[in-house]
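# Structural features, examined
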Amino acid sequence: MSLSLLKTALELGLISSITVLALFLSYSMLNVCDLSTDGCFTLGASVGAIVALAGYPYLSIAAAMCAGILSGFITGILQTKMGVDSLLAGIVVNTGLYSVNIAIMGGASLLNMNKTETVFTRLDSALSGGPMEEYSKLIVILIAVVLVCVFQHFFLRTRIGLAIRATGNNPDMVRSSSINPVMTTIVGLCVANAFTGLSGCLMAQYQKSANIDIGTGMVTVALASLLIGNVFFLHKSIPVRIAGTLLGSFIFRLVYTVALRFKMPAYMLKLISSVIVILAISGPYLKSRMPLIVRTMKVRKEGRGNA
């Protein structure tokens, strides 16, 4: 495998890792499975693309995150104030965002950004002719990922962050402690979806296009990456678990890259994602059951031998 393929896998893995960090906050900390991830990712991509096309590449980052916050707020309101189940709320918001994203993109399904200035082209111009020119995109992505990781680490140690973690562990205890779980759920989803919007914005500017299907399957990718990271760092401290999500994202993208390297059809990649999720979820369970399975097989073998 060439170095360029590894670099591409690392870049895409790091961009996706921001969505994984969003899912880490909502799924692992808040214990809410937010299925609006796909639509929110596309929302961040479309809003970021529109603002960048208007000539404001840096403002596009803030705009995409604000759009993500709005998406998370609506999802949270549906769950906490309107009695909609968390899974159904995510599906409803995800479905509605399809029309919203089309409207934001002016009725088109694709926005071309080949001649548009982005956050990547700005740094690329600054490093032009230097030894770090080929790593300009990676530098931008690393800066974004480090900032998100640092923010999430300190956010989860604040009073509201601890309340969010407590809400995910035991909402009844939180309620008895005079902490409003409605507020913590909404804040947690807003922060998580802000990360998702940022990830979508960076992905659109990275590939210089935003299409209506850019976020399709992102919740599966993020969940698979999160579970892969949990295999290594499930019962560790928060900073180590955050690092584990980054490792999981890279491993997942590396599997994608290897699959493409072996000329696997593109339509099979979704199946690979599903298989990885199944293995990541069932792996720890099967590992815990393995001694019992071995003993059962041994007893049956001895029984057949005695017969």
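Quick look at the structure, then. No experiment lies behind these values; they were computed from the predicted model shown. (Residues numbered from 1 in each chain as written. Predicted model: local features only at pLDDT ≥ 70, side-chain atom pairs only at ≥ 80, totals over all residues. Heavy atoms only, no water.)

On to the state of the cysteines. Counted under the stated rule, the structure contains zero disulfides. Cysteine cysteine 40 remains unbridged, with the sulfur of cysteine 190 as its closest cysteine sulfur at 10 Å. (Disulfide = S-S within 2.5 Å.)

Moving on to the packing of helix 6 (residues 136–155) against helix 9 (residues 181–207). Running from amino to carboxyl end, helix 6 crosses helix 9 at an angle of 175 degrees, the nearest separation of the two axes being 12 Å. Judged on the interaxial angle alone, helix 9 and helix 6 are roughly antiparallel. Judged by residue contacts, Lys137, Ile141, Ala144, Val148, Phe151, Gln152 and Phe155 of helix 6 engage Val187, Val191, Phe195, Leu198, Leu202 and Tyr206 from helix 9. The residue inventory of the contact of helix 6 with helix 9, partitioned by class, reads eleven nonpolar, one polar and one charged. (Axes fitted to C-alpha atoms, helices over the stretch in contact; angles between N-to-C directions. Helix = DSSP H or I, 4+ residues; strand = E, 2+ residues; numbered from the N terminus. Parallel < 35°, antiparallel > 145°, perpendicular 65-115°, else oblique. Contact = heavy atoms within 4.5 Å. Nonpolar A, V, L, I, M, F, W, Y, C, P; charged D, E, K, R; others polar.)

Attention shifts here to the pattern of salt bridges. One pass over the structure, following the stated rule, counts one salt bridge. The salt bridge involving lysine 7 is made with glutamate 11; its shortest N-O contact spans 3.2 Å. Taken together, the positions of lysine 7 and glutamate 11, both in helix 1 (residues 3–29) and four residues apart, correspond to about one turn of that helix. Overall, the relative accessible area of 21% leaves lysine 7 in the partly exposed class. For glutamate 11, a relative accessible area of 2% puts it in the buried group. (Salt bridge = Lys/Arg side-chain N within 4 Å of Asp/Glu carboxyl O. Buried < 20%, exposed > 50% of the residue type's maximum accessible area, 1.4 Å probe, protein only.)

Time to look at the packing of helix 3 (residues 57–80) against helix 4 (residues 86–104). Where helix 3 meets helix 4, the axes come as close as 9 Å, and the angle between the chain directions of the two elements is 140 degrees. The angle between helix 3 and helix 4 places the two elements in the oblique class. The two elements helix 3 and helix 4 cross, and the hand of that crossing is right-handed. Where helix 3 approaches helix 4, its residues Ser71, Ile74, Thr75, Leu78 and Gln79 are matched on the opposing element by Ser86, Ala89, Gly90, Val92, Val93 and Leu97. Residue composition of the contact of helix 3 with helix 4, by class: six nonpolar, five polar and no charged. (Left-handed = near helix turned anticlockwise from the far one by under 90°.)

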